[in-house]
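Structure assessment
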Amino acid sequence: MSDPSSSPVTAPPSRQAQSGARFAVELCDVVKRYPGGVVALDHIDLAIAEHEFVAVTGPSGCGKSTLLHLVAALDHPTSGTVRVNGQDLTTMRDLSSFRRHEVGLVFQLHNLLPRLSVLANIEVVMYGTHRSSRARRERALELLSEVELSGLEYRLPTQLSGGERQRVAIARALANEPRLLLADEPTGNLDPDAAQRIMDLFEKVNADGMTVLLVTHDEKLATRADRIVKMKAGRLAG
Amino acid sequence: MPYPLFALTNLLAKKGRSLGLAAAVAFAVMIVVTLAVTSSGLEQSATAIISIAKANFAVAQKGVSDLLSSTIDASERARIAKVPGVARAVGVLVATEKINAENPVFIEIGINPSDLGPFGVTILAGHAFAADATNQCMLGWRAAANLGLHVGSKFAADGTVNTVTGIYSTGNSFGDSAAMFPLTAEQAYNRLPGIVTLVFVKVAHGYSVSAVERAIDYRLPELTTIRTASQFGRADRTLVYLKAAVTGSTILAVLIGAIIVGNTMLLSVFERTRELGLLRAVGWTRRRIVGLILTESLVLAVVGAGIGVGLSFAVSAILENVPALVGILHAHFTQGAFWRALLTALGMTIIGGLYPATRAALLAPLKALSYE
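On a predicted model such as this, the values are computed, not experimentally measured, just so you know.

Here is what the cut-offs are and how they apply
- Residues numbered from 1 in each chain as written.
- Chains lettered and ligands numbered in written order.
- Predicted model: local features only at pLDDT ≥ 70, side-chain atom pairs only at ≥ 80, totals over all residues.
- Heavy atoms only, no water.
- 1 Å grid on protein atoms, 1.4 Å probe; cavity = no way out; pocket = protein on both sides within 12 Å on 5 of 7 lines; lining within 4 Å.
- Points joined across faces, edges and corners; volume = space filled by probe spheres on them.
- Helix = DSSP H or I, 4+ residues; strand = E, 2+ residues; numbered from the N terminus.
- Nonpolar A, V, L, I, M, F, W, Y, C, P; charged D, E, K, R; others polar.
- Buried < 20%, exposed > 50% of the residue type's maximum accessible area, 1.4 Å probe, protein only.

1. Concerning empty space enclosed by the protein
Under the counting rule described, the total for this entry stands at 3 cavities of 30 Å³ or more. Space inside the largest cavity adds up to approximately 100 Å³. Taken together, 13 residues form the lining of the largest cavity, with V103, G104, R172 and A173 of chain A together with V282 of chain B sitting closest to its centre. Of all the secondary structure elements, the ones that give two or more residues to the lining of the largest cavity are α3 (95–101), β7 (103–106) and α6 (162–174) of chain A. Ranked by residue count, the leading element in the lining of the largest cavity is β7 of chain A, at 3 residues. Here the lining of the largest cavity is built from residues that sort into 8 nonpolar, 2 polar and 3 charged. Quantified by volume, the second largest cavity comes out at close to 50 Å³. L70, A73, D75, H76, P77, V82, L89, T90 and L95 of chain A together form the lining of the second largest cavity. Residues belonging to the lining of the second largest cavity are distributed by class as follows: 6 nonpolar, 2 polar and 1 charged.

So this is what it looks like as structure tokens:
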């Protein structure tokens, strides 16, 4: 177990991002302790500028997924503050709305709904937004084109390859036009070629202005990000 | 994909279970609707008797087990006639008799021939019976057609063989399916000398019907006036008890159905924990998750109600033709029966769906996503 009294390591935004940019993500002295005393995050300070592409790497169990879950408002820190796009998640009441509009999530397992078509899987995250049924469909088609899956609209997830499923998951994450894309080991189950294509997509959306926070244990893939943040035993390792 | 279609997709993913659930809803709806329409049919038959006569209202004995047990003696009848505003008070004795297998509860009305006109009887063929005759009768035109009898035919009833002296019409299907006998003969056969079942009152011109009703209710507290079907329970307690039993059965069916629906929906929520967690993770609100589960319940309710009503039609038709129930049970489908079907189905599915829906909404997204 880590010593909570040890001094934290702070990871500042990259030099390119520091030049007058606002922060998309700010973690200040964040601690996440699970029941039983396991400390997953140990006094983390991390800032990610808007439009930055950051990869968080580290061995299994080092706390990188926990960090991503806090930024995605899927979990609460034990102490410290998490700010995303200027909003303090620790005091925010409507986290559903935040998750719907501010962040797009891509998981290691694509988590597509197996009985829904590719198109419907993308549309499903747009229920409850201002979009009409027709607008949802048009947006889903547009996204499928962006992830180069046009023509597979009515396939079921079981009829797609692993890489194609993950691209559908990325399209779903982008559906509500979030400002921050969060990906948790998105290439973990893919072959190298498919993994490179997924990274191509992340670079593309980042180039279009979206902030990307990628969690991966693959250091080679991580080099495609603007900045690599390494973690070890719940702390930033430099 | 429109949102309701998404809910439908969830139901279609487990076709067998959804059909089973819809069948459970349909079964409960069928029971509730069949009970409602048959009790409504009984009520209609029972209350039809008060609408035979061309009168403003009927008077019966208060609180009897069923209307045909009402007894009004000659003195009470005379007191009714003396109430200010009563233009005419026609007493009739109503009884039932099994004529044959097709007519197990044939209605017989004892009435003085002098009251036939005021009662609203039009003689279509033949003539009225004599007041003191012991073996004469008239048949309503429906009864005559049904029995294949005509003027001059012999009709065995009231313990004797009667000559049909005339065929009449009252303009009321219930009255036209009955037979009329001289009041004294009917009283003698039923061993009720001087007794009538109902007194039909015609209010004199210029008097308020309600005021005359109130006066009779006040002056003859052992009797009650009946103008509408809803007032029928004042005299006939059986229908009141029957309605209470139907209401009780409905509540019971809704509760049992809700438990079945709730249990099955809960299983569905458990199976879809990961999926619901994903929906929460991508921004679905708790309210929307509740809405999804309840929408699925609603679809089941509508499908179940539709099937249930269809089954009720079929079951009612079968019951009406069961030999022991022929002529007794008449299904009377009203708009109310359809509303009852829908409300029963909605009650079952919404009450049953609320707990699973709440459970689904309270799932922590992260925990749900790691659910195996």
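2. Re the environment of T228 of chain B
Residue and element names in this part refer to chain B. Along the chain, the position of T228 falls in the loop between β10 (223–226) and α9 (237–271). Given a relative accessible area of 34%, T228 falls into the partly exposed group. In this structure, the C-alpha to C-alpha distance between T228 and L11, residues 217 residues apart in sequence, is 47 Å.

3. Focus: the layout of surface pockets
By volume, the second largest pocket is sized at about 800 Å³. For the second largest pocket, the lining is made up of 31 residues, of which L74 of chain A together with A364, P365, L366 and K367 of chain B are closest to its centre. Broken down by secondary-structure element, the contributors of at least two residues to the lining of the second largest pocket are α2 (64–71) and α3 of chain A together with α10 (273–281) and α13 (365–369) of chain B. Among the elements that take part in the lining of the second largest pocket, α13 of chain B stands out by supplying 4 residues, more than any other. Here the lining of the second largest pocket is composed, by residue class, of 11 nonpolar, 8 polar and 12 charged.

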